[in-house]
Amino acid sequence: MTPQFWLWLGFAGMAAGAAFILFLGKRRTPAEEADTIIHGLVPIIAACSYFAMATGQGSLVLPAGPEATDAARQFYFARYIDWTFTTPLLLLGLARTAMHSGMRRPAVVWGLIGSDLIMIVTALAFGLSQVAWVKWTWFAISCGAFLAVFYGIFVQLREENAAERADMRAAFLRNAVFLSVVWCAYPVVLLVGQDGLGLLPPALALAVIAILDLTAKVVYGIVATIETTRAVDRDLAEGRSTTTPPLRRAA
């Protein structure tokens, strides 16, 4: 299958996923509406990125990396623009699950998003670099920022999540593990792909990233939306909702 096939598949999958998430999500409370919009926006942004890459507007030709055997490579810069917007939104949604009863520590959320943005920008610099030691220094910095994101999720957010009821603690842990496992595959693909060691054929690298993107943005979005619906069901049943609902779509 050609690179174009995977790019158009990514576009179609993201567009369909966004429509499904926005249809699936409910708006009985402002918090539920916000979560629906957050998880719906993620694949919308990704669909725009895949459309740009599929039509040739989201990539450029660069010399191959210092360890690669090919003379040139297609560098898909649009995916980094995508990740700059979508990964903070995913982290925001995860933080809202962790602190379901109220965003008590906004500084933790900002720290998570800041670490995430450093990770993405330095990964972009890694992909653009031609000098070996510069390239791998950027890669190491990006991986360090990635570890900081994990610290924020599994230490700081989990500390806050401990104050929530049992179902929200379980929901946060499921979401955090799901997202983290998928995200761990990205640096591996970048390492062995055309922007790194050049061990993966371009079509295969695109296929793996497209599948990872669809999993992290569509499948995860559906799972997180369902978790939010269950949480609000219980909130309403126990009379815990204290916000004024917009009620555009009742259950």
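Residues numbered from 1 in each chain as written. Predicted model: local features only at pLDDT ≥ 70, side-chain atom pairs only at ≥ 80, totals over all residues. Heavy atoms only, no water.

1. Quick word on the UniProt feature "transmembrane region" (unreviewed entry) in the protein chain
Next up, step 1: Here the UniProt feature "transmembrane region" (unreviewed entry) sits at residues 6-25, 37-56, 76-95, 107-130, 136-155, 176-193 and 199-220.
Next up, step 2: With 95% helix and 0% strand, residues 6-25 has its two end C-alpha atoms placed 28 Å apart.
Next up, step 3: Helix makes up 90% of residues 37-56 and strand makes up 0%, while its end C-alpha atoms are separated by 29 Å. (UniProt positions renumbered as here; feature names shortened; annotations may be inferred. Helix = DSSP H or I, 4+ residues; strand = E, 2+ residues; numbered from the N terminus.)

2. Overview of the packing of aromatic side chains
Next up, step 1: Applying the stated criterion across every chain, the model contains 13 aromatic pairs.
Next up, step 2: Aromatic pair Tyr80 and Trp83: ring centres 5.2 Å apart, planes at 70 degrees, arrangement edge-to-face. Within this pair, Tyr80 and its partner Trp83 are both found in helix H3 (residues 78-98), separated by three residues, close to a single helical turn. The pair Tyr80 / Trp83 is uniform in exposure class, with both members buried.
Next up, step 3: Summarising the aromatic geometry, the rings of Phe150 and Phe154 are spaced 6.4 Å apart at their centres and angled 55 degrees between planes, so their arrangement reads as tilted. Taken as a pair, Phe150 and Phe154 lie in helix H5 (residues 132-161) at a separation of four residues, close to a single helical turn.
Next up, step 4: Owing to a relative accessible area of 16%, Phe150 belongs among the buried residues under this scheme.
Next up, step 5: What links up through ring pairs into an aromatic cluster is the set Phe75, Tyr80, Trp83 and Tyr186.
Next up, step 6: In this structure, Lys135 is placed above the aromatic ring of Phe126, and the distance from its NZ or CZ to the ring centre is 4.5 Å. (Phe/Tyr/Trp six-rings, centres within 6.5 Å; stacked < 30°, edge-to-face > 60°. Buried < 20%, exposed > 50% of the residue type's maximum accessible area, 1.4 Å probe, protein only. Lys NZ or Arg CZ within 6 Å of the ring centre and 35° of its normal.)

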